[in-house]
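Structural features, examined
Now for the letters of each chain:
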Amino acid sequence: MMSDWLKPEIAVSSIAAIGTMLAAYFAWSIPRKIAVLAEKMRQESETNHDARRFKLNIFAAIMQERANLFSEDCVRALNSIDVAFNGSVSVREAWAELFKVLNYRPGAPDYIIEERTRRLLQAMAIDLGLGDSLRSDDLGRVYYPEAIARQRQVSMHQTNAQYEQLMRSLKTEGGVTTEVDGTDSLWPPAPK
Amino acid sequence: MEKIEGVYAAYMTGTEGQGFALVLFMDGIITGADPLGVLFDGWYKISKKESSYSVSVNVKVPKGGTVIQGVTAKDSDIAYDVLLTLPRKFWELDYIPVTTPLGPINMKLKKIRDLRSAST
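Described below are features of the structure shown in this document. Along each chain, residues carry numbers from 1 onward, in the same order as the chain's sequence is written. Each chain gets a letter, beginning with A, and each ligand a number, beginning with 1, in the order they are written. In keeping with the model being predicted, local features are shown solely for residues with a pLDDT of at least 70 and side-chain atom pairs are shown and tallied solely at 80 or more, while totals for entire chains, interfaces and linings include all residues. As a rule here, side-chain values cover all heavy atoms of the structure and leave hydrogens and water aside.

1. Comments concerning the overall build of chain A
Numbered from the N terminus, helices here are DSSP runs of H or I no shorter than four residues, and strands are runs of E no shorter than two. Helices and strands together make up the secondary structure of chain A, namely 8 helices and 0 strands. Helices and strands appear in chain A in the N-to-C order α-α-α-α-α-α-α-α. Only protein chains enter the area calculation, which uses a 1.4 Å probe; residues under 20% of their type maximum are buried, those over 50% are exposed, and those in between are partly exposed. Among the 192 residues that make up chain A, the fraction classed as buried is 23%. Look at the contacts in chain A between residues 6 or more apart in sequence, and 51% of them connect residues 24 or more apart. The contact rule is simple, with two residues in contact once any of their heavy atoms fall within 4.5 Å.

Here it is in structure tokens:
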């Protein structure tokens, strides 16, 4: 009967039962939500850690090869800058400036390439939080022994000679030789 | 005499490198620049016999710059004058030898387009 629900003992029991059910629900759902949040934070932390490690690897590669920017390792690192440092405008601008002089034909002066490389490394160091400990002098100080420089020069000349031989053989394929007329070249010869 | 006024691409080879500049010839004035900051400013006039052009150009190299003759402007800007005679239709020549105070260069001037001068 309707009047039975209004009796104090029945009302109190009903409220207690509802409270128990609510307590059981929260006991199940809150730990679950906490676990989901913890997992999300762990994944974010891991992503940030991986992103920072990627940036550090690129920075280290360019630092190691700054005396020889044309090495494969350095080229790979430079080409990864836009991806790794996609959130850093200063790093990407510094890379764009270095890219311009690296692609300048017939070749920009060394002092310009060195200066822009230093600027790029400075911007990367600041982005990585190393800006306070790394000065411009540190970035400009390069140990590049003569022996290694010669080794690389020999390798480069050998590669150039092989390339020229290959190009000559391609031009003479089929018995037809197409020589490049020197007078058609844009660049005048060197003065004597 | 054919029109000299125009925009030219200058391809230069020195003893220590090569360089490119964009140069304007107009109303007796020559002006131009290269991608790394070297500036060219001067004048030209037709010779009396109308067989050539007398040219004087001041070249300004910014501090820290290295020119194709192999000289570096270490402590301050370097400025020097170049005097030369350009033959008629010089833009059709393979190259023009130029003597500068910093050393010799060979220069090829390729006309990109004509310009109408203010006097015509």
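2. Notes on the interface of chain A and chain B
Facing 14 residues of chain A, the contacting portion of chain B comprises 21 residues. Two parts placed together each lose some accessible area; with a 1.4 Å probe, that loss summed over both constitutes the buried area. Around 1,500 Å² of area is buried between chain A and chain B when both sides are counted, 67% of it from carbon and sulfur atoms. Counting the surface chain A buries against chain B, the share from its top three residues, A:W187, A:P188 and A:P191, is 36%. The salt bridge definition used is simple: a Lys or Arg side-chain nitrogen within 4 Å of an Asp or Glu carboxyl oxygen. Where chain A packs against chain B, one counts 0 salt bridges. Pairs of N or O atoms within 3.5 Å make up the polar contacts considered here, provided that, within protein, one atom can donate a hydrogen while the other can accept it, and that residues adjacent in sequence are counted only when both atoms are side-chain atoms. On the surface where chain A and chain B come into contact, there are 4 residue pairs in polar contact (both at pLDDT 80 or more). Amino acids are sorted into nonpolar (Ala, Val, Leu, Ile, Met, Phe, Trp, Tyr, Cys and Pro), charged (Asp, Glu, Lys and Arg) and polar (every other residue, Gly among them). Looking at the side of chain A that touches chain B residue by residue, the class counts come to 12 nonpolar, 2 polar and no charged.

3. Re the pattern of salt bridges
Residues and elements named next belong to chain A. One pass over the structure, following the stated rule, counts 13 salt bridges over all chains. Here D73 and R76 are joined by a salt bridge, their closest N and O atoms 3.0 Å apart. Of this pair, D73 and R76 both sit in helix 3 (residues 72–79), 3 residues apart, which is roughly one turn of the helix. Looking at D73, the relative accessible area reads 42%, which means it is partly exposed. A single network of salt bridges, built from pairs that share partners, joins E39, R42 and E46.

4. Some points on the sheet that holds strand 6 (residues 78–87) of chain B
Residues and elements named next belong to chain B. When DSSP finds at least two bridges between two strands, those strands are taken to pair. In space, the 8 strands of this open sheet follow the order 6-5-4-3-2-1-8-7, with antiparallel pairing throughout. The open sheet has two edge strands with one neighbour each: strand 6 and strand 7 (96–100). Direction aside, the axes of adjacent strands within the sheet are offset by 30° on average. Of the strand pairs in this sheet, strand 5 (residues 52–61) and strand 6 are connected by 10 bridges, and their pairing is antiparallel. Bridging from a neighbouring strand, N58 pairs with D81 of strand 6. Think of each axis as a best-fit line through the C-alpha atoms, taken over the contacting stretch in the case of a helix, with angles from 0 to 180 degrees between the N-to-C directions.

5. Quick look at the environment of B:K108
Residue and element names in this part refer to chain B. Among the structural elements, K108 can be located in strand 8 (residues 103–114). K108 sits in the buried class, given a relative accessible area of 12%. Residues K108 and T13 lie 95 residues apart in sequence; the distance between their C-alpha atoms is 8.8 Å.

6. Considerations on the packing of aromatic side chains
All names here are of chain B. Only Phe, Tyr and Trp rings take part, Trp by its six-membered ring, and two of them pair if their centres are within 6.5 Å. Stacked means planes under 30 degrees apart, edge-to-face means over 60, and tilted covers everything else. Across all of its chains, the model carries 13 aromatic pairs over all chains by this definition. Aromatic pair Y44 and Y53: ring centres 6.4 Å apart, planes at 75°, arrangement edge-to-face. Given the relative accessible area of 1%, Y53 is considered buried. Ring centres 5.1 Å apart and planes at 80° place the aromatic pair F90 and W91 in the edge-to-face group. Here F90 and W91 have matching classes, each one buried. Ring-pair connections join several aromatic residues into one group, and the members of that group are Y8, F25, Y44, Y53, F90 and W91. Above the face of the W91 ring, K111 is positioned so that its terminal group lies 4.4 Å from the ring centre. Counted as over-ring charges are cases with an Arg CZ or a Lys NZ within 6 Å of the ring centre that also lie within 35 degrees of the ring normal.

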